[in-house]
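Examination of the molecular architecture
Each chain is listed here by its residues.
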Amino acid sequence: MLLVLAVIIVLPMLNTMVPKDSFFHVSSFTIGLLGKYLCFALLALAVDLIWGYCGILSLGHGAFFALGGYAMGMYLMRQIGDRGMYGNPELPDFMVFLDWKELPWYWYGFDNFGFAMLMVLVAPAILAFVFGWLAFRSRVTGVYLSIITQAMTYALLLAFFRNDMGFGGNNGLTDFKDILGFSLQSDITKNTLFFCSGFALILAYFLCRFVVSSKLGRVLVAIRDAESRTRFTGYRVEHYKLFVFVLSAMLAGVAGALYVPQVGIINPGEFSPINSIEIIIWVAVGGRGCLYGAVIGAVLVNYGKTYFTGAFPEIWLFMLGGLFVVSTLFLPQGVVGVVQQWKDSRAEKKALSAPVADSGAPS
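Below is a summary of the structure that appears in this document. (Residues numbered from 1 in each chain as written. Predicted model: local features only at pLDDT ≥ 70, side-chain atom pairs only at ≥ 80, totals over all residues. Heavy atoms only, no water.)

A few words on the overall build of the chain. In terms of regular secondary structure, the chain is built from 14 helices and four strands. Taken over C-alpha atoms, the radius of gyration comes to 23 Å for the chain, in line with the 21 Å a tight globule of 363 residues would show. A principal-axis box enclosing the C-alpha atoms of the chain has dimensions of 100 × 60 × 40 Å. For the chain, buried positions account for 45% of its 363 residues. (Helix = DSSP H or I, 4+ residues; strand = E, 2+ residues; numbered from the N terminus. Rg over C-alpha atoms; globule rule 2.2 N^0.38 Å. Buried < 20%, exposed > 50% of the residue type's maximum accessible area, 1.4 Å probe, protein only.)

This model, assessed by the stated rule, comprises 23 aromatic pairs. When the centroid spacing of 6.1 Å and the interplanar angle of 25° are considered together, the rings of tyrosine 70 and phenylalanine 271 count as stacked. Of this pair, tyrosine 70 sits in helix 3 (residues 61-80) while phenylalanine 271 sits in the loop between strand 4 (265-266) and helix 11 (273-286), and the two are 201 residues apart along the sequence. This pair shows no difference in class: tyrosine 70 is buried, exactly as phenylalanine 271 is. Plain terms: the ring middles of phenylalanine 94 and tryptophan 107 are 6.2 Å apart, the flat faces sit at 50° to each other, and that makes the pair tilted. (Phe/Tyr/Trp six-rings, centres within 6.5 Å; stacked < 30°, edge-to-face > 60°.)

This part covers the nonpolar core. Leu45, Trp107, Leu173, Phe176, Leu201, Phe271 and Trp282 are the most contacted members of the largest nonpolar core, which totals 103 residues. Examining the composition of this core, we find that 16 residues originate from one element, helix 2 (residues 28-54), more than from any other. Apart from residues no more than four positions distant in its own chain, tryptophan 282 is found in contact with Phe40, Leu43, Ala44, Gly297, Ala298, Val301 and Asn302. (Core = buried A, V, L, I, M, F, W, Y, C linked by side-chain atoms within 4.5 Å. Contact = heavy atoms within 4.5 Å.)

Residue position: serine 22 is located in the loop between helix 1 (2-16) and helix 2. From its side chain, serine 22 meets the backbone nitrogen of phenylalanine 24 in a polar contact 3.3 Å long. (Polar contact = N/O pair within 3.5 Å; in protein donor to acceptor, adjacent residues only side chain to side chain.)

A separate point is helix 11. For helix 11, which comprises 14 residues, the first-to-last C-alpha distance of 21 Å matches the rise-based estimate of 20 Å (1.5 Å per residue) to within 8%. Counted residue by residue, helix 11 has 11 buried out of 14 residues, so it is predominantly covered. Of the residues making up helix 11, those classed as buried are Pro273, Ser276, Glu278, Ile279, Ile280, Ile281, Trp282, Val283, Ala284, Val285 and Gly286. Buried residues along helix 11 sit against helix 2, helix 3, helix 6 (142-160), helix 12 (291-311), helix 13 (316-330) and helix 14 (334-353). At the C-terminal side of helix 11, glycine 287 shows a positive phi close to 135°. (Expected span 1.5 Å × (residues − 1).)

This part is about helix 2. Here helix 2 is 27 residues long and its end C-alpha atoms lie 39 Å apart, about the 39 Å a rise of 1.5 Å per residue gives. Of all bends in helix 2, the biggest is about 35°, found at aspartate 48. Burial analysis of helix 2 places 21 of its 27 residues in the buried class, the great majority of the element. Immediately beyond the C-terminal end of helix 2, within one or two residues, lies glycine 55, with a positive phi of roughly 75°. (Bend = angle between axes of the 7 residues up to and from the residue.)

Our focus in this paragraph is the pattern of salt bridges. Between side chains of opposite charge, a pair can form as their charged atoms come close. On inspection of all chains with the given rule, the structure shows 10 salt bridges. In this structure, lysine 101 engages aspartate 99 in a salt bridge whose closest nitrogen and oxygen atoms are separated by 3.0 Å. The exposure class assigned to aspartate 99 is exposed, which follows from its relative accessible area of 53%. Within this structure, Glu227, Arg231 and Lys241 form a network of salt bridges that share partners. (Salt bridge = Lys/Arg side-chain N within 4 Å of Asp/Glu carboxyl O.)

A separate point is the packing of helix 7 (residues 187-213) against helix 8 (residues 215-225). Taken N-terminus to C-terminus, the directions of helix 7 and helix 8 make an angle of 70°; their axes are 4 Å apart at the nearest point. It follows that helix 7 is roughly perpendicular to helix 8 by the angle criterion. Side by side, helix 7 and helix 8 meet where Val211, Val212 and Ser213 of the first sit next to Lys215, Leu216, Gly217, Arg218 and Leu220 of the second. Of the residues in the contact of helix 7 with helix 8, the class split is four nonpolar, two polar and two charged. (Axes fitted to C-alpha atoms, helices over the stretch in contact; angles between N-to-C directions. Parallel < 35°, antiparallel > 145°, perpendicular 65-115°, else oblique. Nonpolar A, V, L, I, M, F, W, Y, C, P; charged D, E, K, R; others polar.)

Distances and angles like these do not, on their own, reveal function.
As structure tokens, then:
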């Protein structure tokens, strides 16, 4: 986290204070790209909290990420006002195109930044609470829970594709102008969003670290390793699982809200099940059950995706699947686990090769 803090402070300075022809200049494109990586790292952190420490393999966290993104996108659309293509001060362009006469009730309040940020947390939390309450009370676990979470995500994908839902249909929400009165195209705004993404990641990391290192965290690990035994000792397992599931969904919503203004669009494609599966790959590659491992995995995989989609666009998906298979078979503890095993092995060899001190006892 100290490294993340250094990055979000130094790189904006290199972008704004160093001349563009200098070797040390960091382009605005790079700032935006790294900002996306930080949002993905926050999303991976949220998944590792429930999968690595509670054993809940969710294939639906892309839905919580997208809901947070749509809440931010609705605020940004309301800020356009009469600067849209049709010049309507109240209705977004896609509503005017579809001949809507008035703003839907669920868009009310999104012209206020505070209300929109509240919805960034509340919308994913409500969905996670309702889904988790029904699933955990019914004691749905394992692969069945994973399939249900993926089905939930796919159902939302189909719903948000509909034009009559009022969320832009398959085109989604785009053409954002500014946030809090600051142009999204300015370097200062981009650097500020980049800093906010990194700062949110740091805060979320310490929040998750606080949770997993407390008594609550020990109960979560007990649920992961032996759920029936934990229940028989008197713990209300479903309450613990519901709490961590809702908390994880809220963190995913924050990641989506920070992601949208940096990429300039949010559409139903973010609900795609493949996106949720990719998140699991990030955590598996970095190291499950190790919070900073999820951060490392998200950055590594997405950097590789950026490179290989340009160098080998036809086979990137096969490489992604192969990466998951290799990680499962040969790196069960991820990159962080391999490094830790190497350090432990080196320390063991050093201890064995160290000379035994003479105790001075007679032979």
